[in-house]
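Observations on chain architecture
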Amino acid sequence: MANSAAQDVFPVIPGDTDYRIFSQDYGDIPGLDIIFLLGGYFYHTSYDTVERLLPGSIQARGENLFSIIKTFTNSANIQNTYKKKSSEVTASTFNDERAVFFDYFSWFMIFYPRWVAKILHSIPVFFFLVMPFTHGRSHSWSAALCDFIKGFMFHAVGIILAVGVPVAFSILRLLFSSQTMNWFAHPYLAFAMFVPCALVGLLIPRIIWRHFPLSQDISIVKTSKEALSDEARFWGAFGFYAVLTLAYLVAGLSGGFVTFFVCASLLPAWISFCLSVKFFGQRSLRSTMFYILPLVPCLAYSVYFGGFLAQFLIERMGMMGSLPLPYGHYVPDVIVAALIGTVTGWCTGPLMPICGHWLARSSILQFLLHLSVFALALSSQFFPYTMSAPKRIVFQHTFHTAGSSQILESTYDFSVTDSNSLLFLFKHSPEVAKELNITSEFSFESASLSKHNDWMAIFPLSFLFSNSLKFPAKKDDILKQYEFFPKLSVQNPSLNSKKGPRRVHLELYLGSLEEVWVAVLNITGPLSSWSFADNLLPGTETYGDGPQSYICRLSGPSDGNWTFWLEANNSEALRVDLAILDQKLVDPIKRLKNLFPDWVDVVAYSSFMSSYIF
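Because the structure is predicted, anything quoted here is derived from the model rather than measured. (Residues numbered from 1 in each chain as written. Predicted model: local features only at pLDDT ≥ 70, side-chain atom pairs only at ≥ 80, totals over all residues. Heavy atoms only, no water.)

1. Quick notes on the overall build of the protein
- Within the protein one finds 21 helices and 15 strands.
- With the C-alpha coordinates aligned to their principal axes, the bounding extent of the protein is approximately 95 × 75 × 50 Å.
- Scored against the burial criterion, the 614 residues of the protein give a buried share of 47%.
- The long-range fraction of contacts in the protein, counting pairs at least 24 apart against all pairs at least 6 apart in sequence, stands at 76%.
- Summed over its atoms, the accessible surface of the protein is roughly 30,700 Å², and 62% of this surface lies on carbon and sulfur atoms.
- Each charge class in the protein was averaged separately, 43 positive and 45 negative side chains, and the resulting centres sit 9 Å apart. (Helix = DSSP H or I, 4+ residues; strand = E, 2+ residues; numbered from the N terminus. Buried < 20%, exposed > 50% of the residue type's maximum accessible area, 1.4 Å probe, protein only. Contact = heavy atoms within 4.5 Å. Areas by Shrake-Rupley, 256 points an atom, 1.4 Å probe, with all protein chains shown as cover. Lys, Arg positive; Asp, Glu negative; His and termini not counted. Charge placed at Lys NZ, Arg CZ, Asp CG, Glu CD.)

This is the structure:
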């Protein structure tokens, strides 16, 4: 199983890979994403255990890896590296252009290079432009082209409405519901809610313009109005998918095979339909079936690929991040509604030119609308989370320190990674609310909000958080566990110049912390170099309205103190904010963590923060 379209989708989905630093930040080493799409509910949660692995998933991954390694070892390109002038061979063979590949129901793979895609994916547009000239009469080609363009617009409007109507329904439901993502633990609800109304959107143009406004003169072309209408709708739909295929190609994306497959399937379907019309008539059910049958392989693949894509996205909605209110409340439902509308249009759109007259009836439209409303009402009765689809919460015990023994402030900081806010969480976690003294009048306006800087210990995940809350905590609990706290101190002060470009030699002491996971340095000011990463500075980061800064992450504990230097290009001060993530928890935070219900997965840790000016 493999799919080049995933390369187009992956950058859009919030997340990153561990090898990014080798492929982008500090190198140009190519990497390969090998994942199993399903089972993302448990990814990076405490429920991610061997018992919950999907049966066959490891076998599937092993088979993929085995096939990949076997292909690599037999590759002529790799074998050429042992020959003379292998670098020239490799340079001429490999380039950055993406090939096109996909599997068909995991039965077999289809692969072709970029240059082949440039030819294949351009052919459908050629067919669309040439077909009006095949009508025989020189004075009718312009009218035929005009009808095809009308059909193109009709189909495009239908596809847009197939996306827009589910989005409108999702927003409408949330206007009457206090919680979003009801489909998260029950994906079938998303399909039940949004597929019927997407079909309504597809059918709206056909219902409004039941009689296609033809530009061709029936008396001249000597063809029935129904035949000309079906022809215009068909070639309009064909042109729509042809233009999309070309747009993918021009944009340099790898998913153009999806719409190209539709175009390649539409041609035999149209030929089959035209032949059957001679025997069974234009509006015959048999003729319609002869149109559908050649499309079955394409439609089956569309359902296969679209279903995987929708399920994959639904599972990852629980980790996409919490967006600012009030509009962030609507975003996950809108995204899922838009995706399912797109998949529905993709799976059923090719049927509409010929099958539309069977479906564009008021009784069918009313049934679909009633089904949509019923599904929307029914979904509101379901709770968004279960142990099989947990809600993710980040619980940070924050200590602001000064020196190695002084605590300035101690707080409990909470954040969530989806659109159901902390108020929703506390409402359904009464024991936690009671422990934190949260009443029914509690609101974001009256609460203390955490800033992005407070979450620096888990950078860059902190960018996923908004509407985070903090609550006061006792300071003395940590003193029973640790005697000394992390701190930064200046070393070799005689080497630090007072004016102009200068280097500051520093030492990081981790104190008596026992389970250090990472130390994060957030450096602002005129930094020009440092002693990390071969003296190469990364790109700057910005927290909210704050100044641009440089982030350095030092992983794990250290037997001794960390020593390093920072270089400033002028005499202005350098500010260093230090955050240490320690995985050991004090007893009160352990008790509070255990008060959360089973459908919540809590990531809890301690964060020690301090600031310095050099």
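Read on for the rest.
2. Describing the environment of Leu228
- Structurally, Leu228 can be placed in helix H11 (residues 225–251).
- When the C-alpha atoms of Leu228 and Phe212 are compared, they prove to be 8.9 Å apart, with 16 residues separating the residues in sequence.

3. Describing the packing of aromatic side chains
- According to the stated counting rule, one finds 54 aromatic pairs in the structure shown.
- Ring geometry for Phe426 against Phe471: centres 6.0 Å apart, planes inclined by 80 degrees, an arrangement best described as edge-to-face. Of this pair, Phe426 sits in helix H18 (residues 422–427) while Phe471 sits in strand S6 (residues 469–472), placing them 45 residues apart in sequence.
- By relative accessible area, which is 7% here, Phe471 ends up buried.
- Counting every residue linked through ring pairs, the aromatic cluster contains Phe102, Tyr104, Phe105, Trp107, Phe108, Phe257, Phe261, Tyr301, Tyr304, Phe305, Phe308 and Trp346. (Phe/Tyr/Trp six-rings, centres within 6.5 Å; stacked < 30°, edge-to-face > 60°.)

4. Observations concerning a nonpolar patch on the surface
- The grouping of Trp115, Ile119, Ile123, Phe126, Phe127 and Val130 at the surface amounts to a nonpolar patch, some 600 Å² of accessible area in total.
- At the level of secondary structure, the elements contributing two or more residues to the nonpolar patch comprise helix H6 (114–120) and helix H7 (123–130).
- A total of four residues in the nonpolar patch trace back to one element, the largest contributor, which is H7.
- Tracing the sequence through the fold places Val130 in helix H7.
- Val130 sits in the partly exposed class, given a relative accessible area of 31%. (Patch = residues over 30% accessible without salt bridge, like charges linked within 9 Å, V, L, I, M, F, W, Y side chains within 5 Å. Salt bridge = Lys/Arg side-chain N within 4 Å of Asp/Glu carboxyl O.)

5. Here's the deal with the pairing of strand S13 (residues 562–568)
- Note that strand S8 (residues 502–509) and S13 share seven bridges and pair antiparallel. Paired with Arg503 across the two strands is Glu567, which belongs to S13.
- As paired strands, strand S10 (residues 527–530) and S13 are joined by three bridges and run antiparallel to one another. If you follow Trp530 over to S13, its bridge partner there is Leu566. (Pairing = 2+ DSSP bridges.)

6. Some thoughts on the pairing of strand S14 (residues 575–582)
- In terms of residue burial, S14 counts as a mostly covered element, since seven of its eight residues are buried.
- In this structure, strand S9 (residues 516–524) lies alongside S14, joined through eight bridges in antiparallel fashion. Looking at the pairing, Asn522 lines up with Asp577 of S14.
- Summarising the sheet, S14 and strand S15 (residues 600–613) pair through eight bridges and their orientation is antiparallel. For Ala579, the partnering residue across the bridge sits in S15 and is Met609.

7. Details of the sheet that holds strand S7 (residues 487–490)
- The antiparallel open sheet is built from four strands, whose spatial order is S7-S8-S13-S10. Each of the sheet's edge strands pairs with one partner strand only, and the pair in question is S7 and S10. When strand polarity is set aside, the average angle formed by the axes of neighbouring strands in this sheet is 35 degrees. (Axes fitted to C-alpha atoms, helices over the stretch in contact; angles between N-to-C directions.)

8. Description of the confidence of the model for the protein
- Residue-level pLDDT values for the protein average 88, and 93% of them are 70 or greater.
- When the criterion is pLDDT under 50, residues 84–94 qualifies, and its contacts beyond four places in sequence or with other chains add up to six contacts. (pLDDT = per-residue confidence, 0-100.)

9. Things to note about the environment of Leu174
- Residue placement: Leu174 occurs in helix H8 (residues 141–175).
- For Leu174, a relative accessible area of 4% translates into the label buried.
- For Leu174 and Ser380, which are 206 residues apart along the polypeptide, the C-alpha to C-alpha distance reads 9.1 Å.
- Beyond its immediate stretch of four places on either side in the chain, Leu174 contacts Gln179, Thr180, His329, Tyr330 and Asp333.

10. Observations regarding the UniProt feature "transmembrane region" (unreviewed entry) in the protein
- Per the UniProt annotation, the sites labelled "transmembrane region" (unreviewed entry) are residues 104–131, 152–176, 188–209, 232–251, 257–277, 289–314, 334–355 and 367–387.
- Secondary structure within residues 152–176 divides into 96% helix and 0% strand; the distance between the first and last C-alpha atoms comes to 37 Å.
- Taken end to end, residues 367–387 is 62% helix and 0% strand, and its first and last C-alpha atoms sit 35 Å apart. (UniProt positions renumbered as here; feature names shortened; annotations may be inferred.)

11. Some words on the domain arrangement of the protein
- As far as domains go, the protein holds domain 1 (37–83), domain 2 (114–380) and domain 3 (390–613).
- If you average the C-alpha positions of domain 1 and of domain 3, the two centres end up 35 Å apart.
- Each side of the interface is counted separately: domain 1 has eight residues, and domain 3 has five residues.
- Together domain 1 and domain 3 conceal approximately 480 Å² of surface at their shared face, both sides included; 40% is due to carbon and sulfur atoms.
- Our enumeration of links across domain 1 and domain 3 arrives at zero salt bridges.
- Our count for the domain 1 to domain 3 interface comes out at five residue pairs in polar contact (both at pLDDT 80 or more).
- Across the side of domain 1 that touches domain 3, the residue classes tally to four nonpolar, four polar and no charged. (Domains from an automatic or database assignment. Buried area = accessible area lost by both parts, 1.4 Å probe. Polar contact = N/O pair within 3.5 Å; in protein donor to acceptor, adjacent residues only side chain to side chain. Nonpolar A, V, L, I, M, F, W, Y, C, P; charged D, E, K, R; others polar.)

12. Some points on the pattern of salt bridges
- For the structure on display, the rule yields eight salt bridges.
- Between Arg316 and Glu315 there is a salt bridge, and its shortest N-O distance comes to 3.7 Å.
- Assessed through its relative accessible area of 5%, Glu315 is described here as buried.
- A salt bridge links Asp454 to Lys470, with the shortest nitrogen-to-oxygen separation between them at 3.4 Å. Here Lys470 lies in strand S6 and Asp454 lies in the loop between strand S5 (448–449) and S6, a separation of 16 residues in the sequence. Both residues of the pair, Asp454 and Lys470, belong to the buried class.

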